[in-house]
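Coordinate analysis (summary)
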Amino acid sequence: MKVFKSKEEEPTAPGQVSIKKRSRVPGVMITQFVEGIPPGKSHPDFSRKPIALTIQEGKLAVFKAIVTGDPTPTIRWIRSNGDTSDKEKYITVYNQVTGEHQLQMPNVAVDQADTYKCLAENELGFATVTAALNVIETQREHPADFKKTLKTRADRPKNERKDGEVDEKFWELLLSADRKDYERICAEYGVTDFRWMLKKLNEKKREIEEQQAQYIDYLGNLKHIEMKSPACAQFEFEIDLKDPNARIFLYKDGNMIPFSSDTDEKHSLHQIGRRLIFSVNGLTQDDAGLYQVDIEGVNVFSTDFKIPVVDFLVKIQEVKAIEREDAVFECVLSAPFAKITWMGKSTPLVQGKKYGITVSEDMLIHRLLVKDCMKVDTGIYAAVAGIKSCNAWLIVEADNNPNNHGKKAARKTTQAGGSGDDLSKVAAQQQAKLQKAREEKTEMLKQHQAKQAVVPQAYEHEPMTKPPTGPQTKPLAQTSSPGVHFTCGLQDVRAIMGQTAEMVCKLSSTNCNGVWYKDGKESIDDLKIIKDGAFHKLLISNCKEDDNGKYRFEADGHKTEAILIVEDPPKINKDDLTKFSEPVIIKVGQNATFSLSFVGKEPVKIHWYNKAEELFNGTNIKIEKSSSHSSLLLTKCQRKDTGEIKLKLKNEFGTTEAFSSLIVLDKPTHPVGPTEVIEASSSCVEFKWRPPKDDGGSSVTQYNLERQQLGRNTWKKIGNIPGEAHYKDTDVDHGRKYCYRIRAITAEGISDVFETDDIQAGTKAYPGPPSTPKVDSAFKECINLSWAPPTKTGGTSIVGYNLEKRKRGSNLWSQVNPPDEPIRAKKYGVKDVVEGIEYEFRVSAINFSGVGDPSSPTEFVIARDPKMRPNFLDRKLKSFMVVRAGNSARVNITFEASPMANIIWVKDGIPMNKRVTVSNTEGTSQLLIPSAERCDSGIYTITVKNIVGQETFSTEIRVTDDPKPPGPVELEENVPGTLTMSWSPSPDEKQDDRLHYTVAQRDSVKQTWHTVADHLFNNNFTAVNIMPGREYNFRVYAKNDMGLSQASKSPTWGIIRKKESNRIFTLTYTYSAPIFTVPLKAHISPEKYECYMSCAVRGNPSPHITWYHNNISINTNTNYYITNTCGVCSLLILRVGSKDNGEYKVVAENSVGHAECTTKLTVRGML
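Analysis parameters
- Residues numbered from 1 in each chain as written.
- Predicted model: local features only at pLDDT ≥ 70, side-chain atom pairs only at ≥ 80, totals over all residues.
- Heavy atoms only, no water.
- Helix = DSSP H or I, 4+ residues; strand = E, 2+ residues; numbered from the N terminus.
- Buried < 20%, exposed > 50% of the residue type's maximum accessible area, 1.4 Å probe, protein only.
- Contact = heavy atoms within 4.5 Å.
- Areas by Shrake-Rupley, 256 points an atom, 1.4 Å probe, with all protein chains shown as cover.
- Pairing = 2+ DSSP bridges.
- Axes fitted to C-alpha atoms, helices over the stretch in contact; angles between N-to-C directions.
- Parallel < 35°, antiparallel > 145°, perpendicular 65-115°, else oblique.
- Disulfide = S-S within 2.5 Å.
- Salt bridge = Lys/Arg side-chain N within 4 Å of Asp/Glu carboxyl O.
- Polar contact = N/O pair within 3.5 Å; in protein donor to acceptor, adjacent residues only side chain to side chain.
- Phe/Tyr/Trp six-rings, centres within 6.5 Å; stacked < 30°, edge-to-face > 60°.
- Lys NZ or Arg CZ within 6 Å of the ring centre and 35° of its normal.
- pLDDT = per-residue confidence, 0-100.

Before going further, it helps to spend a moment on the overall build of the protein. Each helix and strand in the protein was counted, giving seven helices and 87 strands. Residue burial in the protein is summarised as follows: out of 1167 residues, 40% are buried. Contacts in the protein between residues far apart in sequence, at least 24 positions, make up 64% of those at least 6 positions apart. Surface summary for the protein: the accessible area is close to 65500 Å², and the carbon and sulfur share equals 49%.

Here we come to the sheet that holds strand E18 (residues 298-305). Across the sheet, four strands lie side by side as E14-E13-E17-E18; this open sheet has antiparallel pairing. Of all the strands in the sheet, just strand E14 (255-256) and E18 have a single pairing partner and so form its edges. Judged from the two bridges that link them, strand E13 (residues 248-252) and E14 form a sheet pairing that is antiparallel. Within the sheet, the bridge partner assigned to Tyr251 lies in E14 and is Met256.

Of the consecutive residues Asp70 and Pro71, the connecting peptide bond is found in the cis state with omega at 5°. Along the polypeptide, Pro71 turns up in the loop between strand E5 (61-70) and strand E6 (74-79). Along the chain, Gly673 connects to Pro674 via a cis peptide bond; the corresponding omega equals 5°. Looking at the secondary structure, you find Pro674 in strand E45 (residues 672-680). Unusually for a residue other than glycine, Gln1007 sits at a positive phi of about 60°. The phi torsion at Cys1126 lies on the positive side, around 55°, for a residue other than glycine.

Our focus in this paragraph is the sheet that holds strand E33 (residues 528-532). Taking strand neighbours across the sheet as the criterion, the four strands line up as E29-E31-E34-E33 in an open arrangement whose pairing is antiparallel. The open sheet has two edge strands, strand E29 (486-488) and E33, and neither has a second partner. Here the average twist between neighbouring strands, direction ignored, is 30°. Across five bridges, E33 lies against strand E34 (residues 535-540) in antiparallel orientation. In the strand pairing of E34, Lys531 is matched with His536.

Next up on the list: the packing of helix H2 (residues 168-176) against helix H4 (residues 194-212). Relative to each other, H2 and H4 sit at 75°, their axes nearing to 10 Å. The pairing of H2 with H4 is recorded here as roughly perpendicular in orientation. Within the contact between the two elements, H2 uses Glu168, Phe170, Trp171, Leu174 and Leu175 and H4 uses Trp196, Met197, Lys200, Leu201, Lys204, Lys205 and Ile208.

Here we come to the pairing of strand E50 (residues 737-746). Counting buried positions along E50 yields seven of ten residues, so the element is predominantly enclosed. In this structure, strand E47 (residues 702-709) lies alongside E50, joined through eight bridges in antiparallel fashion. Following the sheet pairing, Glu706 is matched in E50 by Arg741. Of the strand pairs in this sheet, E50 and strand E53 (residues 759-760) are connected by two bridges, and their pairing is antiparallel.

Bringing the state of the cysteines into the picture now. Overall, the coordinates contain zero disulfides when judged by the stated rule. Note on Cys1157: no disulfide assigned, nearest cysteine sulfur contributed by Cys1095 at a separation of 5.6 Å. The class of Cys1157 is buried, set by a relative accessible area of 8%.

What follows is about the pattern of salt bridges. A side chain of one charge can pair with a side chain of the opposite charge when the charged atoms of the two come close. Applying the stated rule across the entire model yields 46 salt bridges. Across the pair Asp240 and Arg274 runs a salt bridge whose closest N-O atoms are separated by 3.1 Å. Of this pair, Asp240 sits in strand E12 (residues 232-241) while Arg274 sits in the loop between strand E15 (267-272) and strand E16 (275-281), and the two are 34 residues apart along the sequence. Overall, the relative accessible area of 37% leaves Arg274 in the partly exposed class.

Moving on, we come to the side chain of Lys805. Locating Lys805 in the fold gives a position in strand E56 (residues 798-807). Within the structure, the side chain of Lys805 is placed 2.3 Å from the backbone oxygen of Asp832, a separation counted as a polar contact. Once residues within four sequence positions are removed from consideration, Lys805 is found in contact with Leu812, Trp813, Ser814, Val816, Asp832, Tyr839, Glu840 and Phe841.

Let's shift gears to the packing of aromatic side chains. In this description, an aromatic ring pair is defined by two values, namely the gap between the centres and the angle between the planes. The final tally for this structure, using the stated rule, is 26 aromatic pairs. When the ring of Phe235 is compared with that of Tyr291, the centres are 6.4 Å apart and the planes differ by 45°; the resulting orientation is tilted. Linking Phe235 in strand E12 with Tyr291 in strand E17 (residues 289-295), this pair joins segments that are 56 residues apart in sequence. Across this residue pair, the class does not change: Phe235 and Tyr291 are buried. One aromatic cluster is present, formed by Phe235, Phe237, Phe259, Phe278, Tyr291, Phe301 and Phe305 through successive ring pairs. The cationic tip of Lys646 hangs over the ring face of Tyr609; the distance from NZ or CZ to the ring centre is 4.7 Å.

Further remarks concern the environment of Lys521. Checked against the element boundaries, Lys521 lands in the loop between strand E32 (515-518) and E33. Classification of Lys521 by relative accessible area gives exposed; the value is 57%. Sequence separation between Lys521 and Arg552 is 31 residues; the distance between their C-alpha atoms is 9.3 Å.

Let us now look at the environment of Leu803. Among the secondary structure elements, Leu803 is positioned in strand E56. Using a relative accessible area of 0% as the deciding quantity, one classes Leu803 as buried. Considered as a pair, Leu803 and Val816 are 13 residues apart in the sequence and their alpha carbons are 5.5 Å apart. The residues contacting Leu803, other than those within four sequence positions of it, are Leu785, Ser814, Gln815, Val816, Asn817, Ile823, Tyr828, Val830, Phe841, Arg842 and Val843.

A few words now on the packing of helix H3 (residues 182-189) against H4. Close contact between H3 and H4 brings their axes to 12 Å; oriented N to C, the two are set at 105°. Relative to H4, the element H3 lies roughly perpendicular. Where H3 approaches H4, its residues Tyr182, Glu183 and Cys186 are matched on the opposing element by Phe194, Met197, Leu198, Leu201 and Lys205.

Attention now goes to H2. Helical periodicity: at 3.6 residues per turn, an α-helix aligns residues three or four positions apart in one direction. Among the residues of H2, those classed as buried are Phe170, Trp171, Glu172, Leu173, Leu174 and Ser176. Check the buried side of H2 and you find it contacts H3, H4, strand E11 (216-229), E17 and E18.

Among the secondary structure elements, Cys637 is positioned in the loop between strand E42 (629-634) and strand E43 (643-651). Classification of Cys637 as buried rests on a relative accessible area of 0%. Measuring from C-alpha to C-alpha, the distance between Cys637 and Lys587 comes to 7.9 Å, with 50 residues separating the pair along the chain. Non-local contacts of Cys637, meaning those with residues more than four positions away in its chain, are made with Ile586, Val588, Gly589, Gln590, Ala592, Leu662 and Val664.

Our next topic: the confidence of the model for the protein. Mean pLDDT over the protein works out to 83, with 89% of the residues at or above the 70 mark. Note on residues 1-11: pLDDT under 50 across the span, and 32 contacts to partners over four residues away in sequence or across chains. Low pLDDT (under 50) marks residues 453-482, which in the prediction has 62 contacts with non-local residues, meaning those over four places away or in another chain.

The structure is reproduced here in structure tokens:
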């Protein structure tokens, strides 16, 4: 390792590049010399960087760093303002085992405070990082008072701890810990003598409080360090300083660490009033340790920060769920962890109705269940374990089930997310690794104890008759012979009095016996000792208080100790508890007694409660207490005393509670108003009221009623009625007012009286106005209205409504419904309206007294249909019609439109002549041609249009008749084996563009007619496969949409073969270029029909034929059927479309030459 001055330049060879990169470790800068790094190699980087130091003058300052890279980098330490060449002040050390580089500065001086740089370099690049060194100058003044005599924690000598002594860190933790944490800390440091610990701790507390009193007025609300997030931990306390300028020091594991008020720094202090909050940011495993705060050298707070060594083997994954479905996040940890923190959208989540948090038995698999997912639950969810965390999205998608549209969907029973068996498999593998590691560690520890636990023989057999002067750890293994040792020592046992306790230890040998001791005495009476192989057990049956103590087992020079603590919490006999739980039922004014016996170690605190409120001795309350019994006497009980009675027993070992109930019976309270009048007519008064708020513990069986007529002093007894809070009085006079007294009757007595308001029989109390009618819909023939009933009914039921209307500009209201037929429902359809007129409406309620005030009128509404875009109703309209000439043609169209639409018919885009009749009615339109002629053929289009929009439909009408036959047929043989026939066109060809021709053939052998060509739109055809020696006849038909014409017959074609004897024929072959004997004909074809093209060509040798459409070869296009038979070339388009429009060309080629023939296909489109 070389040491350079800071002013030296970082070397870069000529031709090297300089690529700046960032490291994963913050603060590290990397410069790469090459553009591409070879496989298996890497530039230098820091896996652990040196950290800033603040240290006292004269102490040892050490910068530590761990460097990676291949080839192995060289390390240089550089100082910003000075050099590091002095070997006495700057010592560089490298640990080959840990790979750690150190720069040590023993007896550091103030002038060494500076910024230091560590540079790692290899042939691929270099990495640099800086760290600051701050040196606190030691005070030179002579100490004149107590404050100056104190030493900071860094100044205090660290004495070597002797065997049997407890680490000073133990006491520092206890001084700042809560009492509930004493047991945990003692178990961690192996201290079992709690009495000695408490005595020693009190001494240290008095000592530290005397020191703190010099600087502190108040210290409290100590909160130990805990992680607030995976990157930050905090601890805090409240303190009042006598001197606000007193210095505060922060230490970690005894080393002073710097801090500032900047919360972005590694260690920071934030002060709010007298509360001090210390933060540790950017957490790593190195941040674990004992943190202590000193005021001018006096310790005021200590807290131990433990960071669990745990990581995520399987991280949580993104979950997609449907609304009302449950979502599951799962993760697997590398080590058992009792509870991790779950975060949802940066908020901690807790177990409850919305979230379910579970942990597997081995504490490796952790699950979060998000119940009943809704859209608002979408977000990022995180799992936090120590300083490690992972997060994933929860995406909640809408439920697209059409059955749930417009209503709340039921919660689903399915779950989204979760890995199931895969996580269990990973956890099982990790558990096996952890178990193996624990076994290996245990075995190494046993071997180490067997070698190291050697104690002098004299002390080995000395009985412990006196309490030890220091803390004891367990097991205490003292060995005289390394061959036998404890593989499992005694453990402290807690047992309930009266139960059985068992103490067990295990030796490494099965052939070794031992002796049991209690509190140093060997004699153990009435205890059962069991030896089971290497296991040695001590059973204490029916534990008593005398069984408390320290038990020791010695075998072959080894011994182990543990404490038995017999607990005696309060206990209650089961039968007594059952009897106590039975409710006590008494009448008002009587006394209630509750008593219960119990057992338990004294002192037992006894508390009695009534409805969760603690009871104390008083005028009507008497409580008796003893060591085994307690009773409660409640005198002159009232109804309000009814409720739960609880007895709570508590001692140092636990708490027991017993529950009973007190029911105090009393007469009911009076019935409750207000009185609701159901009917108050001239013949009856019907009303109801509310039952008593408190029935006194018994149900109401009857009501007693009295009635008084207004103006009289006497009350008429009506008598008792059943226990329903309702009464109908038919003995009334019209116009009189009545008042009623009502009493409730139960088994415990009669309630006080409840008096109703005056109720008048047959009074004309009219109802109030209903709500303003709402216009639900309006049409030209009907307007639909609805309304709400009045809030004031006039004391009687509403029997119906009257609805009135008024035209705009008129002052007269006219009733819509008949006078003697009120409207029962709260809605009505008004049909007596005139289209286009504006109306307003109002409604009045009717009760037994008559018609009430009318409501406010509606806004004016026009009687007309709602605006609607024209729409054709018949979805099966024909877009093509064929009509025989002379017959009538009829097209019916049905539609809906509002307002009334304008209807326009056109033929081929122009207005129609007078021969066509159009009839329009509301919602229908008819086109009629009484006697159709061929000139009426065309495309007829209807347009229905109003102010909202328009709709259009077109149909083609073709008027035709039976076709006339074509002219005479002529035959000609142009190519051997073929016959070319031609004929004059049919007279109808010019009038009917859909007319085509069909050719039938018959020969002298088969004697049957069969079609050889169809859909011919030209006037010639070439028949092939003409055999010599046969006679042929042909028929040509004209064909259109109406059918076939009469046939045009060809002359008979025949060749007679004659034998000629003694004649020699010489065949001579001549070569010729291709020539078209029959050219292509132009075609006009309707859309969606077939189109057939043909031509004849000859040449020797036979030419090769290629078809082209718009100069593109179509020989391989499956949309065309192409044949070439004996020189007759044909092309068939099965379904003509707009894409087939254009020029068609046939090219014939052979070795002598080539020829071309072209034609044009025009496709007539259909609307």
